[in-house]
Amino acid sequence: MTYPKRLIEVDLPIKRISAHARREKSIRHGHISTLHIWWARRPLAACRAVVCASLWPDPCDDICPPWFINVAKRLMAYWGESHLQKCSTDSYLRFNKITRTPHCLDDAAELRKVMLDFIADFANWDNSTDPAYLAVARTLTVAAHYALEDNSTFALPESISVESLNDAIKDAPRPLLVDPFAGGGAIPLEGLRCGADAFASDLNPVAVLLNKVVLEYIPKYGQRLADEVEKWGQWIKEQAEKELAEFYPKDEDGATPIAYLWARTITCEGPGCGAEVPLMRSLWLAKKGEKSIAVQIVPKPDEKRCDFVIIKKENGNWVYQDKPEMACEKPKFDATVARGSATCPCCGFTTPVKSVRAQLKPRKGGANDARLFAVVTTRPGQKGRFYRLPGDRDLDAIRKSASELERRKAAYTGKHSFVPEEPTPPGIGSGAGRAFSQRNYGIDTFSDLYTPRQLLSMTTLSRLVQDCSERTEVQSILALGVGRVNDLCMSNCRWLPTRLTVAAANGGQNRMPVNLDFAETVAIASASGSWQGQMKWINNVVRGLVAGGITPATVQRVSAQTVPLPTDSVDFFFTDPPYYDAFPYSDLSDFFYIWTKRALSDSAMDYDGGTVPKSEEIVLYNVVHGEDGVVKDHQYFQEQMSTVFSRGRDISKPNSVGTIVFANKTTEGWEALVTGLIDSGWIVTGSWPIQTERPSRQRAQESAALGSSVHIVCRPREDEDGNVIERVGDWRDVLSELPGRIADWLPRLASEGVVGADAIFACLGPALEIFSRYSSVEKASGEVVPLREYLEQIWAEVARQALNMIFEGANASGFEEDARLTAMWLWTLRTEANGNGADNEKATSLPGYTLEYDAARKIAQGLGCHLENLTHLVEVKGDKAMLLSAESRARYLFGKEDVRATTKRCKKKDGPVQQDLFSLLGVPDEEETVAERAELERPPAGKTALDQLHQAMLLFTAGRGAALKRFLVDDGIGTNPQFWTLAQALSALYPSHTNEKRWVDGVLARKKGLGF
Ligand SMILES: C[S@@+](CC[C@H](N)C(=O)[O-])C[C@H]1O[C@@H](n2cnc3c(N)ncnc32)[C@H](O)[C@@H]1O
Ligand SMILES: [Zn+2]
């Protein structure tokens, strides 16, 4: 049985959607990401576009119901006529044309294009609550559902308006979207927004809480809930002030402390020293040019301790804050800790990291007895931040808060321990668990992460949430406020001297760091980390969601392997599965769950456990993770994903569509997901990379990290009755179809700005379509071809075709293997950001270009290169492989003596770059050798065109123009056209900010002058 294709199976404006997705990253006001942390949230823009394009059929499809086409035509015509002013410049022309020539939409291809334009514009965050966009999108979704469900017609109102559309779809049946890895809820939220029903589930109680708030409570109770949350938020603020004010005393001059700066301490292990060493990574308080302020450490070796003074910049000089007439002649800004080792200000001895940890361990991390070294304040009527040393009032209040905590602990009779005594993540294994190092410092329970006063604030806030109102919905949202405060109220928060604020402990990172110095915020102040400030963010989101006017979804806490929905009941299976080993979700969320569970009842959390459940979580740890004693390795990940996809296919209707987000960065992670998907009976029918990260130069030089998430579109491989179709494919047929498919895709991706690793991964989708039509693919011998083998073929084919694109016209196979590999390697690392660096940007010297070893191996294989023969070009270390830069190859290319000659001369001639090269090579400074070297001397030409090009580049940068000329002209290197083709290709491939890019361009610039 065939079904009409959906838009996403034929086209998607990925460039425009990507731009909206990237822009959304910087939008904070009212965005659900500010409700509470969830790690690696999908941008709503991408989700919204994918929902529409997956649910709406393609009008060009031969079997697309004509009446649906008619509905789409009328709606798009209405858009052009009534909402032209809302169109982006990219869409304006086409919609404007409709107003002049309405019949243009009779052309199905034109209709498809305007629908895609509409989707691209609707992806814009600014349009996400526009009633007109919402009404048209939702009507199309409902109409599509009628069309696909039973071919029954959906009638548009006579006269189209936002009101009449909303009225027409009010009670209409809607398609059901299911996301069993709902996380922060982006996908189901956009499903609802676009007019679908949604079922959202996740295993994690914190994620489920978020989903309940966003998808259930706010849609159900709307403005009333928003008002109540504001009211009770204010009540908590007032109560907390009453309860906590005495522990955060104001200064006698009226200033209000907003942050306390602490350093953990150790005892110096230097011979005979034994001084207390404050562990400080920075002495800056304010790093603001002429308004800078810092602390200075005053060593008191006799007293075995240090004191502090504050200095400030005044009229260009450093002076003591308390005695501005006195200059501080030699201010020091050196940290006392570097990489965990601590240097004593009294004796200069460095206590190694191992001993630092050994000292902190019995003191449970040492937050409890850390040294307070500065207090940040604000002053009424004055702008800015002020800094002072701590005084007795501060220390008294701190002592008082500790005894108050003890008093409350003793009086407490509730269900959980008063302070969170749950265990911190063990931080073991080579997988996701490596994100946690708390146990190395003796921070074995969560309460060890906090100072007593922080515990007092956190326990007060969570209790007040419990006290405030009977209603679960209100409390749930307030509990998110406790979570937001928590991220700014642990001993992992840092003071940011450039921004004069406190950084969140986690802030969405995929790890939870340990910081040896830390900033303590004040929950009842009005600065960062305050309850009031955090509730402001939350209230904004709630109001925004109310404005979106969405209907409620069903939310459940259940594992994705066992989603409890009937067979053949789902229209759209859209999910964003765990990213292999990249995010240790359950352990990260434990840092928050320990408070939400204290603020809410078990029933509100839909869970009653010590920490977040781990056993069924799908993630790579490579050790036992969870109570079941199961080792979560690659095989576990693949098997569990396969179970989830099987379950997903089972609950999906035969004519349904699936979209799976692949955001993992490793080939291994990819293979596990794809294998799971195909083994469980899905056919891949499309794939779209959507760039969600800003391209970064960093990536380009360090590794081929994916900047985009690839959306794999798939369909159940089922007959009309929902039975899986068993079909055996012939390996030869599959292989013969592959090159054509890649040839269709690569240039198209390039035209959309998708290059490098992003393009390789984006080609996997179309290539997999060929393979996944079959339940198994067999060779002539009857041997079954594993997916892994096909994936190798895909990489190889992409590498071959990409190489042809790189060498435009020249026969790529004519190049030696080192040149082919270099070109393809650099291409793989390309991001949009590489190409257009500013001219005046400083060039960077790089040891090389790193790829994941497995990716490098696959590429090499595809190009017929043997990494083991190329050790002078590629260095393999563990699971990484580095393509050596020309600089790093200098010794190989010149031989040691020659290197000395080359680099020495350049050092004299012009400056820093060459000097870098010189020191990089570690060649001793021997003036005599240099003097003896003749200017014309040059190395014997290397064996391959790449070696020769690298030699020419090094001669160029050494300023040895005459030698370069001889090398190219007399030695005949420049007469080989391949030399120049390679130079041209590499000039386009080296990242713009690298030395090599400059040097190869320098060589190319000589070409004409030398008569080539
Ligand atoms: C990549 S995240 C989803 C992020 C989400 N799309 C968003 O925008 O916030 C993957 C989610 O899978 C959840 N998860 C992991 N194993 C699970 C399982 N076995 N069943 C259900 N959810 C699971 C994690 O808790 C996490 O929320
Ligand atoms: Zn010392």
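Keep in mind that this is a model prediction, so the values were computed, not measured.

Caption draft 1: Representation of the overall build of the protein in the model. A tally of regular secondary structure across the protein gives 31 helices and 27 strands. With respect to the principal axes defined by its C-alpha atoms, the protein has extents near 90 × 85 × 60 Å. Put simply, the protein has 1012 residues, and 60% of those count as buried. In the structure as shown, the protein presents an accessible area of about 38500 Å², 49% of it carried by carbon and sulfur atoms. Here the protein contributes 121 positively and 130 negatively charged side chains, and the mean placements of these two sets differ by 6 Å.

Caption draft 2: Expanded view of the coordination of the zinc ion (ligand 2). Within the protein, C268 (SG), C273 (SG), C344 (SG) and C347 (SG) serve as the donor atoms for the zinc ion (ligand 2), at 2.2 to 2.4 Å. Geometry at the zinc ion (ligand 2) is tetrahedral, judged from its four donor atoms and the angles of 102 to 113 degrees they form at the metal. Ordering the donors of the zinc ion (ligand 2) by residue number gives the pattern C-x4-C-x70-C-x2-C. In this pair, C268 sits in the loop between β4 (265–267) and β5 (276–278) while C344 sits in the loop between β11 (341–343) and β12 (350–351), placing the two residues 76 residues apart along the sequence. Each member of the pair, C268 together with C344, is buried.

Caption draft 3: Highlighting empty space enclosed by the protein. Enumeration over the complete set of coordinates arrives at nine cavities of 30 Å³ or more. Roughly 400 Å³ of volume is contained in the largest cavity. Of all the secondary structure elements, the ones that give two or more residues to the lining of the largest cavity are α8 (186–193) and α15 (585–599). For the lining of the largest cavity, the element with the highest residue contribution is α8, accounting for three residues. Taken together, the residues that form the lining of the largest cavity break down as 19 nonpolar, seven polar and seven charged. Taken together, R6, L55, T141, A144, H145, L148, P175, D571, N655 and S656 make up the lining of the second largest cavity.

Caption draft 4: Structural view of the site of ligand 1. Neighbouring ligand 1 are 25 residues; R42, G184, D202, A560 and D576 lie closest to it. Measuring from an oxygen atom of ligand 1, one finds a backbone N or O atom of R42 at 2.8 Å. Contact between ligand 1 and G184: an oxygen atom at 2.8 Å from a main-chain N or O atom of the residue. In the complex, 99% of the free accessible area of ligand 1, which totals 600 Å², lies under the protein chains. According to the grid-proximity analysis, the pocket containing ligand 1 is the largest cavity.

Caption draft 5: View of the packing of aromatic side chains. Scanning all chains against the criterion turns up 38 aromatic pairs. A ring pair is formed by F122 and Y133, whose centres lie 5.7 Å apart and whose planes are at 0 degrees; its orientation type is stacked. Of the two residues, F122 is situated in helix α5 (residues 108–122) and Y133 in helix α6 (residues 131–149); the sequence distance between them amounts to 11 residues. Ring geometry for Y412 and F418: centres 5.1 Å apart, planes at 55 degrees, overall tilted. A relative accessible area of 31% means that Y412 is categorised as partly exposed. Among the aromatic residues, those joined into a cluster by ring pairs are W38, W39, Y579, F583, Y585 and F592. Above the face of the Y221 ring, R471 is positioned so that its terminal group lies 5.1 Å from the ring centre. Taking NZ or CZ as reference, K858 lies 5.9 Å from the ring centre of W795, over its face.

Caption draft 6: Spotlight on the packing of helix α28 (residues 945–957) against helix α30 (residues 977–989). The geometry of α28 relative to α30 is characterised by a closest axis approach of 10 Å and an angle of 70 degrees between their N-to-C directions. Judged on the interaxial angle alone, α30 and α28 are roughly perpendicular. For the crossing formed where α28 meets α30, the hand is right-handed. Residues A945, L946, Q948, L949 and A952 of α28 pack against F979, L982, A983 and L986 of α30.

Caption draft 7: Inspection of the confidence of the model for the protein at higher detail. Chain-level statistics for the protein give a pLDDT mean of 90 and a share of 93% at 70 or above. The low-confidence segment residues 900–916, where pLDDT is below 50, has 39 contacts with residues more than four positions distant or belonging to other chains.

Caption draft 8: Broad picture of the pattern of salt bridges. All told, the structure shown has 67 salt bridges when counted by the stated rule. Ionic pairing is found between R388 and D251, a salt bridge with its closest N-O pair at 2.7 Å. A residue pair is termed long-range when its members are at least 10 positions apart, and R388 in strand β14 (residues 386–388) and D251 in the loop between α9 (205–244) and β3 (256–263) qualify at 137 residues. Here R388 matches D251 in class, with each residue buried. Note that E404 is salt-bridged to R408, the shortest N-O span being 2.8 Å. On the criterion of helical spacing, the pair formed by E404 and R408 is a turn pair, its members being four residues apart in helix α11 (residues 392–411). In terms of burial, E404 and R408 fall into one category: buried. Look at the salt bridges and you will find they share partners, linking R16, D90, R94, K97, E110, D117 and D121 into a network.

Caption draft 9: Representation of the nonpolar core. Of all hydrophobic cores here, the largest spans 328 residues; its most connected members are W56, M76 and Y790. Broken down by element, this core gets its largest block of residues, 17 residues, from α9. Not counting the four nearest positions on each side in its chain, Y790 is found in contact with W731, V734, L738, A767, L768, I770 and F771. Counting residues in hydrophobic clusters, the runner-up holds five residues, among them W284, A294, W318 and C328.

Caption draft 10: Fine view of the sheet that holds strand β7 (residues 293–300). Strand order in the open sheet made by the four strands is β6-β7-β8-β9, with antiparallel pairing throughout. Taken across any chain shown, the strands that pair with only one partner, and hence form the sheet edges, are β6 (284–286) and β9 (317–320). Sheet twist, expressed as the mean angle between neighbouring strand axes with direction ignored, is 35 degrees. In terms of strand pairing, β6 meets β7 through two bridges, oriented antiparallel. Among the inter-strand pairings, W284 is bridged to a residue of β7, identified as A294.

What counts and how
Residues numbered from 1 in each chain as written. Chains lettered and ligands numbered in written order. Predicted model: local features only at pLDDT ≥ 70, side-chain atom pairs only at ≥ 80, totals over all residues. Heavy atoms only, no water. Helix = DSSP H or I, 4+ residues; strand = E, 2+ residues; numbered from the N terminus. Buried < 20%, exposed > 50% of the residue type's maximum accessible area, 1.4 Å probe, protein only. Areas by Shrake-Rupley, 256 points an atom, 1.4 Å probe, with all protein chains shown as cover. Lys, Arg positive; Asp, Glu negative; His and termini not counted. Charge placed at Lys NZ, Arg CZ, Asp CG, Glu CD. Donors = N, O, S within 2.8 Å, 3.2 Å for Na, K, Ca; no water. Tetrahedral: all angles 85-135°; square planar, octahedral: opposite > 155°, others 65-115°. 1 Å grid on protein atoms, 1.4 Å probe; cavity = no way out; pocket = protein on both sides within 12 Å on 5 of 7 lines; lining within 4 Å. Points joined across faces, edges and corners; volume = space filled by probe spheres on them. Nonpolar A, V, L, I, M, F, W, Y, C, P; charged D, E, K, R; others polar. Near = heavy atom within 4 Å. Polar contact = N/O pair within 3.5 Å; in protein donor to acceptor, adjacent residues only side chain to side chain. Sits in = over half its atoms within 2 Å of the grid points. Phe/Tyr/Trp six-rings, centres within 6.5 Å; stacked < 30°, edge-to-face > 60°. Lys NZ or Arg CZ within 6 Å of the ring centre and 35° of its normal. Axes fitted to C-alpha atoms, helices over the stretch in contact; angles between N-to-C directions. Parallel < 35°, antiparallel > 145°, perpendicular 65-115°, else oblique. Left-handed = near helix turned anticlockwise from the far one by under 90°. Contact = heavy atoms within 4.5 Å. pLDDT = per-residue confidence, 0-100. Salt bridge = Lys/Arg side-chain N within 4 Å of Asp/Glu carboxyl O. Core = buried A, V, L, I, M, F, W, Y, C linked by side-chain atoms within 4.5 Å. Pairing = 2+ DSSP bridges.

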